[in-house]
Amino acid sequence: MAMEGGGGTISEVYQSAKKLLMRAQDGIERLERLENSTSSGGLDSPELSFAVKKDISQVLSVCADMDRLWRSVQAKPQRDLWRRKVELVAEEAGSLKESLDRYFARNQRRMKEAQERAELLGRANGDSAHVLRIFDEEAQAMHSVHNSKRMLADSLSTGAAILSKYSEQRERLKRAQRKALDVLNTVGLSNAVLRLIERRNRLDRWIKYFGMLTTLVILYFLIRSSG
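Because the structure is predicted, anything quoted here is derived from the model rather than measured. (Residues numbered from 1 in each chain as written. Predicted model: local features only at pLDDT ≥ 70, side-chain atom pairs only at ≥ 80, totals over all residues. Heavy atoms only, no water.)

When helices and strands are tallied, the chain shows five helices and zero strands. Reading the chain from its N end, one meets helices and strands in the order α-α-α-α-α. A total of 227 residues make up the chain; the buried ones form 21% of that total. Across the chain, the fraction of contacts at a sequence separation of at least 24, relative to all contacts at a separation of at least 6, is 72%. Summing over all exposed atoms, the chain offers an accessible surface of approximately 16,300 Å²; the carbon and sulfur share of this is 58%. (Helix = DSSP H or I, 4+ residues; strand = E, 2+ residues; numbered from the N terminus. Buried < 20%, exposed > 50% of the residue type's maximum accessible area, 1.4 Å probe, protein only. Contact = heavy atoms within 4.5 Å. Areas by Shrake-Rupley, 256 points an atom, 1.4 Å probe, with all protein chains shown as cover.)

Here's what the structure looks like:
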């Protein structure tokens, strides 16, 4: 291209620069339409954005050639006219460059936000799994507590049955002792034998009380361990 090598008249170089500007302007408009094409933040076209950036860079490079060319124009009115045209081309190229830079900044921000959303989603999935694991552990703990309460209730029922049996045996022993005493008195046994029987009765009573106390202690420890 003549403008790239610095050849050609200033008019030819200027026309080439204007074509590049028009192509760059069209490219930026296409990028902005893509950006606004979806509700999720738009699409990106790396190839198109790279082409637009290349066109703008070429225009800025050509402006340096045109700046040299307009200074070589002999007639002052023509020289002033070309100077103004070159300035307008440079200003338009700078404006397009700013638009492209803003597009790049927005695109980079969208990519960063998408990455952060993906990270948050990953953490949310991890937290959900953690919550489910906690619920499972809580369910297992409640099941264990239920089993412990059932075992405790069974133990209390067994203890109550044992105490009831002790009470019945005590009554039967009392009746048997009274009958035995009546029989002994009837046959005229000595007082010494009667005292011996009484001591045996006291010993049996202490054995009975010890058994009941032992049962209560066992029940107490069962209740504490289940709590």
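Structure shown, so let's carry the discussion forward.
To continue, consider the pattern of salt bridges. Following the criterion strictly, the structure yields eleven salt bridges and no others. As a salt-bridge pair, glutamate 91 and arginine 84 come within 4.0 Å of each other at their nearest N and O atoms. On the accessibility criterion, arginine 84 (40% relative accessible area) is partly exposed. Residues joined by salt bridges that share partners form a network here, namely Arg83, Arg84, Glu87 and Glu91. (Salt bridge = Lys/Arg side-chain N within 4 Å of Asp/Glu carboxyl O.)

Another point: the packing of helix α2 (residues 10-35) against helix α3 (residues 46-71). The interhelical angle for the contact between α2 and α3, taken along N-to-C directions, is 155°, at an axis separation of 9 Å. One finds that α2 runs roughly antiparallel with respect to α3. The crossing of α2 and α3 is left-handed. Counted together, Ile10, Val13, Tyr14, Ala17, Leu20, Leu21, Arg23, Ala24, Gly27, Ile28, Arg30 and Leu31 of α2 and Leu48, Ser49, Val52, Asp55, Ile56, Gln58, Val59, Val62, Met66, Leu69 and Trp70 of α3 form the full contact between these two elements. When its residues are assigned to classes, the contact of α2 with α3 shows 17 nonpolar, three polar and three charged. (Axes fitted to C-alpha atoms, helices over the stretch in contact; angles between N-to-C directions. Parallel < 35°, antiparallel > 145°, perpendicular 65-115°, else oblique. Left-handed = near helix turned anticlockwise from the far one by under 90°. Nonpolar A, V, L, I, M, F, W, Y, C, P; charged D, E, K, R; others polar.)

With that settled, consider the nonpolar core. Val52, Ile56, Val59, Met66, Val89 and Leu100 are the most contacted members of the largest nonpolar core, which has 26 residues in total. Of all the secondary structure elements, the ones that give two or more residues to this core are α2, α3 and α4 (76-187). Those residues in contact with methionine 66 that sit more than four places away from it in its chain are Ile10, Val13, Tyr14, Ala17, Val86 and Val89. (Core = buried A, V, L, I, M, F, W, Y, C linked by side-chain atoms within 4.5 Å.)

The next thing to look at is the packing of aromatic side chains. The tally for this structure, following the rule as stated, stands at four aromatic pairs. Here tyrosine 103 and phenylalanine 104 contribute two aromatic rings whose centre-to-centre distance is 5.9 Å and whose plane-to-plane angle is 55°, an arrangement assigned as tilted. Summarising the aromatic geometry, the rings of tryptophan 206 and tyrosine 209 are spaced 6.3 Å apart at their centres and angled 90° between planes, so their arrangement reads as edge-to-face. Of this pair, tryptophan 206 and tyrosine 209 are both found in helix α5 (residues 191-226), three residues apart, which corresponds to roughly one turn of the helix. The exposed category is assigned to tryptophan 206, whose relative accessible area is 62%. (Phe/Tyr/Trp six-rings, centres within 6.5 Å; stacked < 30°, edge-to-face > 60°.)

This brings us to the UniProt feature "transmembrane region" (unreviewed entry) in the chain. Sites flagged by UniProt as "transmembrane region" (unreviewed entry) map to residues 206-223. As a span, residues 206-223 carries 100% helix and 0% strand, and end to end its C-alpha atoms are 26 Å apart. (UniProt positions renumbered as here; feature names shortened; annotations may be inferred.)

On to a nonpolar patch on the surface, then. Residues Leu213, Val217, Tyr220 and Phe221 make up a contiguous nonpolar surface patch of roughly 410 Å² in combined accessible area. The class for tyrosine 220 is partly exposed, based on a relative accessible area of 45%. (Patch = residues over 30% accessible without salt bridge, like charges linked within 9 Å, V, L, I, M, F, W, Y side chains within 5 Å.)

In a regular helix each residue adds 1.5 Å, so 26 residues correspond to 38 Å; α2 covers 37 Å between its end C-alpha atoms and thus fits that length. Every buried residue belonging to α2 is among Ile10, Val13, Tyr14, Ala17, Leu20, Leu21, Ala24, Gly27, Ile28, Leu31 and Glu35, and all of these are buried. (Expected span 1.5 Å × (residues − 1).)

This next bit is on a positive patch on the surface. Together, Arg172, Lys174, Arg175, Arg178, Lys179, Arg195, Arg199, Arg202 and Arg205 make up a region of like positive charge exposed at the surface. Within the residue set of the positive patch, elements represented by two or more residues are α4 and α5. When residues of the positive patch are assigned to their parent elements, the largest contribution, five residues, is made by α4. By the element assignment, arginine 175 lies in helix α4. (Lys, Arg positive; Asp, Glu negative; His and termini not counted. Charge placed at Lys NZ, Arg CZ, Asp CG, Glu CD.)

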